[in-house]
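Now for the letters of each chain:
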Amino acid sequence: MRRTLLSLFIISSISFASGEISFKKQREKEEREKLVQENKEIKVIKRNNNSVRNKIIEEAKKKLGSPYLWGASGSEKFDCSSFVQYVYKKAANLTLPRVAAEQAQFRPRISTVKKGDLLFFETMEKGRISHVGIYIGGGQFIHASSAYKQVAVSEFSGFYKEHFRWAVSVL
C-alpha cells in the first residue's frame, strides 16, 4: 500500500509538472494571440478614427446657418460650446463638458491638428478660453459664431489666428 501511494505520488507529480509545462505554453500562446488581436483592434480603431472624424465634420456642416444664441444648449440654436457638445454627441456619442473653458481642459493639448479636433481661442482678452470651434481641414474651422450670429465656417487666419491658444483631440 505504501508503495502504491508512493507510485501515485510520483505519477501525479510528473503529471502535474507536465501539466505545468503545457499550461505555461498555453498561456504564452494565449498572450501571443492577445497581442495579435490588440494590434488588429488598433488598426480598426485608427481606420474608425478617420471615419468618426469625417462623421463629425458632416454632422457639424448639417448645422451651418443655425442661429447663434449665447447660453443656448439645444439642437436648433447654439453658442460655440453647445454646438461642439451637440456635434460630438450626435456624431460620435461622446459627451463633452458644457463650456469652452472646460472643453479646453478635457483632453491633453496637441501640436498637430487633424479634422475633427477642437480649436480654442481667447477672444475676450480676459486671460481665459472663451471660444471653441471644430477644425474641418484646409485651414478652416466650423463654429457657432457670435460675430456672424450663426453656425459658420471661418478661415484660421487674422483675428482667429491671433487669438488661438491651443488645440485638443477628443478622439
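Please refer to the structure higher up on the page.
Residues numbered from 1 in each chain as written. Predicted model: local features only at pLDDT ≥ 70, side-chain atom pairs only at ≥ 80, totals over all residues. Heavy atoms only, no water.

Turning to unusual backbone geometry, a few remarks are in order. One non-glycine residue with positive phi stands out, namely Asn-93, at about 55 degrees. For Asn-93, the position within the fold is in the loop between α2 (80-92) and α3 (100-103). One non-glycine residue, Lys-149, adopts positive backbone phi at about 60 degrees. Its location among the elements puts Lys-149 in the loop between β4 (140-145) and β5 (150-155). Among the residues examined, Lys-149 registers a relative accessible area of 57% and is labelled exposed. (Helix = DSSP H or I, 4+ residues; strand = E, 2+ residues; numbered from the N terminus. Buried < 20%, exposed > 50% of the residue type's maximum accessible area, 1.4 Å probe, protein only.)

Moving on, we come to the nonpolar core. Counting 27 residues, the largest nonpolar core has Phe-83, Val-84, Tyr-88, Leu-118, Phe-120 and Ile-134 as the members making the most contacts within it. Among the secondary structure elements, those contributing two or more residues to this core are α1 (2-62), α2, β2 (118-121), β3 (131-137), β4 and β6 (164-168). Top element by residues in this core is α2. It accounts for seven residues. With residues up to four places along the chain from it excluded, the contact list for Leu-118 reads Val-84, Tyr-88, Leu-96, Val-132, Gly-133, Ile-134, Trp-166, Ala-167, Val-168 and Val-170. (Core = buried A, V, L, I, M, F, W, Y, C linked by side-chain atoms within 4.5 Å. Contact = heavy atoms within 4.5 Å.)

As enumerated under the stated definition, the model contains nine aromatic pairs in all. Pairing Phe-121 with Phe-156 gives two aromatic rings, centres 6.4 Å apart and planes at 55 degrees, and the pair type is tilted. One end of the pair, Phe-121, is in strand β2; the other, Phe-156, is in the loop between β5 and α4 (158-163), and 35 residues separate them in sequence. Note on Phe-121: relative accessible area 0%, which makes it buried. With centroids separated by 5.0 Å and ring planes inclined at 80 degrees, the aromatic side chains of Phe-141 and Tyr-160 adopt a geometry described as edge-to-face. Of this pair, Phe-141 sits in strand β4 while Tyr-160 sits in helix α4, and the two are 19 residues apart along the sequence. As far as burial versus exposure is concerned, Phe-141 and Tyr-160 are alike and both buried. Members of the aromatic cluster, joined through ring pairs, are Phe-121, Phe-141, Phe-156, Phe-159, Tyr-160 and Phe-164. In this arrangement the basic side chain of Arg-109 is found over the ring face of Trp-166, its NZ or CZ atom lying 3.4 Å from the centre. (Phe/Tyr/Trp six-rings, centres within 6.5 Å; stacked < 30°, edge-to-face > 60°. Lys NZ or Arg CZ within 6 Å of the ring centre and 35° of its normal.)

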